[in-house]
Amino acid sequence: AQKVTQAQTEISVVEKEDVTLDCVYETRDTTYYLFWYKQPPSGELVFLIRRNSFDEQNEISGRYSWNFQKSTSSFNFTITASQVVDSAVYFCALKENTGFQKLVFGTGTRLLVSP
Amino acid sequence: DVKVTQSSRYLVKRTGEKVFLECVQDMDHENMFWYRQDPGLGLRLIYFSYDVKMKEKGDIPEGYSVSREKKERFSLILESASTNQTSMYLCASTQGSDTYNEQFFGPGTRLTVL
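If you're wondering where the values come from, they're calculated on a predicted model, not measured in any experiment.

Novice: Can you help me understand the state of the cysteines in this one?
Specialist: Here a disulfide denotes one covalent bond, and it connects the sulfur atoms of two cysteines. Summed over the entire model, instances satisfying the criterion amount to 2 disulfides over all chains. Each sulfur of the disulfide joining Cys23(A) and Cys92(A) lies 2.0 Å from the other. Its S-S torsion of approximately -65 degrees makes the covalent link between Cys23(A) and Cys92(A) left-handed. Residue Cys23(A) is found in the loop between strand S3 (19-21) and strand S4 (24-26), and its partner Cys92(A) is found in strand S10 (residues 88-96); the two are separated by 69 residues along the sequence. The class of Cys23(A) is buried, set by a relative accessible area of 0%. Sulfur-sulfur distance for the disulfide between Cys23(B) and Cys91(B) comes to 1.8 Å.

Novice: Looking at this structure, I do not really get the pairing of strand S5 (residues 42-51) of chain B. What am I missing?
Specialist: Taken residue by residue, a regular strand's side chains alternate between the two faces of the sheet. Residues and elements named next belong to chain B. In terms of residue burial, S5 counts as a mostly covered element, since 7 of its 10 residues are buried. In this sheet, S5 lies alongside strand S4 (residues 31-38) in antiparallel orientation, the contact comprising 7 bridges. Bridge assignment links Asp38 to a residue of S5, and that residue is Gly42. From the end of S4 to the start of S5, which pair antiparallel, there are 3 residues, and Gly40 there has a positive phi angle of about 80 degrees.

Novice: I tried to follow the interface of chain A and chain B on my own but got confused; where do I start?
Specialist: How big an interface is tends to be reported as the loss of accessible area on association of its parts. Counting residues at the interface gives 21 residues for chain A, matched by 26 residues for chain B. In total, chain A and chain B occlude about 1900 Å² of area from one another, counting both sides; carbon and sulfur atoms represent 56% of this. Between chain A and chain B we count 1 salt bridge in total. We note a salt bridge from Glu102(B) to Arg50(A), for which the minimum N-O separation is 2.7 Å. Where chain A packs against chain B, one counts 5 residue pairs in polar contact (both at pLDDT 80 or more). Looking at the side of chain A that touches chain B, the elements with two or more residues in it are strand S5 (32-39), strand S6 (46-52), S10 and strand S11 (103-105) of chain A. Here the side of chain A that touches chain B takes 4 residues from S5(A), the largest share from any one element. Across the side of chain A that touches chain B, the residue classes break down as 9 nonpolar, 7 polar and 5 charged.

Novice: Any chance you could explain the packing of aromatic side chains here in plain terms?
Specialist: For any pair of aromatic rings, the description rests on two quantities: the centre-to-centre distance and the angle between the ring planes. Under the criterion given, the structure shown has 20 aromatic pairs over all chains. Here a set of aromatic residues connected by ring pairs shows up, and it is made of Phe35(A), Tyr37(A), Phe47(A), Phe91(A), Phe105(A), Phe33(B), Tyr35(B), Phe48(B) and Phe105(B).

Novice: Help me out: how do you make sense of the nonpolar core in this one?
Specialist: Most often, soluble globular proteins have nonpolar side chains that are buried together. Within the largest apolar cluster, 24 residues are counted, with the highest numbers of intra-cluster contacts made by Trp36(A), Phe77(A), Tyr90(A) and Leu111(A). Looking at this core, the elements that each hand over two or more residues are strand S2 (10-14), S3, S5, strand S8 (64-69), strand S9 (74-79), S10 and strand S12 (109-114) of chain A. Looking at this core, the element that brings in the most residues is S10(A), giving 4 residues. Counting residues in hydrophobic clusters, the runner-up holds 21 residues, among them Cys23(B), Met32(B), Tyr89(B) and Leu111(B).

Conventions and cut-offs
- Counting of residues starts from 1 at the beginning of each chain's written sequence and follows it residue by residue.
- Here the convention is simple: chains get letters from A, ligands get numbers from 1, in the order in which they are written.
- Local features in this predicted model are restricted to residues whose pLDDT is 70 or higher, and side-chain atom pairs enter the listing and the counts only when it is 80 or higher, whereas totals over whole chains, interfaces and linings include all residues.
- No hydrogens and no water enter the side-chain calculation; it runs on all heavy atoms of the structure.
- Pairs of cysteine sulfur atoms within 2.5 Å are what we label disulfides.
- Secondary structure counts use DSSP, requiring at least four H or I residues in a row for a helix and at least two E residues in a row for a strand, with both numbered from the N terminus.
- In this scheme, a residue with accessible area under 20% of its type's maximum is buried, one over 50% is exposed, and one in between is partly exposed, where area comes from a 1.4 Å probe on protein chains only.
- A pair of strands counts as paired when DSSP detects no fewer than two bridges linking them.
- By the convention used here, residues are in contact when the closest approach between their heavy atoms is within 4.5 Å.
- Buried area: the sum, over both parts, of the accessible surface (1.4 Å probe) that disappears when the two are put together.
- A carboxyl oxygen of Asp or Glu within 4 Å of a side-chain nitrogen of Lys or Arg is what we treat as a salt bridge.
- Here a polar contact is recorded for every N or O atom pair within 3.5 Å, except that within protein the pair must consist of a potential hydrogen donor and a potential acceptor, and residues adjacent in sequence are included only if both atoms are side-chain atoms.
- Basically, the charged four are Asp, Glu, Lys and Arg, the nonpolar ten are Ala, Val, Leu, Ile, Met, Phe, Trp, Tyr, Cys and Pro, and anything else, Gly included, counts as polar.
- Stacked, edge-to-face and tilted labels apply to pairs of Phe, Tyr and Trp rings (six-membered ring for Trp) whose centres lie within 6.5 Å, assigned for plane angles under 30 degrees, over 60, and everything in between, in that order.
- Working definition of a nonpolar core: buried Ala, Val, Leu, Ile, Met, Phe, Trp, Tyr and Cys residues. They are joined through side-chain atoms within 4.5 Å.

Here it is in structure tokens:
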């Protein structure tokens, strides 16, 4: 069965600190997709990144970077030089290639960035 | 700009009432989803639909039903609301059958059942 674990319930940092959000997943499929979503206080989930199981290249987008390691079944998300606007709940999600379009979400990590 | 809209941001209902939550997307997406979000549980899939008049149960369908009469609209129905259905409800949509497509979410409806 597929499962996503985000062990960090809440993280508090001060602006300009770097922060890493952990995501560990379980799946039996060899082909799968991993996603990160951001949920700001307004409530709407915003798509951040997608990664497929055959692409282990790390990715950097501005202050955001993602580290995908199949060996440890992890897909961690790092924010460099955090800002107050980064305060949100962040969700990691998994979609297997079998099973119709079903996304399985982790329980989310609430990030609080204080000035 | 892609859009998923939900009929209400906040809703308060009484136990036993029939409740309709509406979701509309303007992206001509085939697939639509209803999730509920609860603290410590993340998002859980209630129902999804991959075409007009088609529906599939998700992980927690008990106490809910859905309707999809038009491609752009997906309704979630609570036949007889109960207090344990107090939650945040999120609608999402995605295009086609490709697994890698991301889902687009609406702003959510926070439902309180008294």
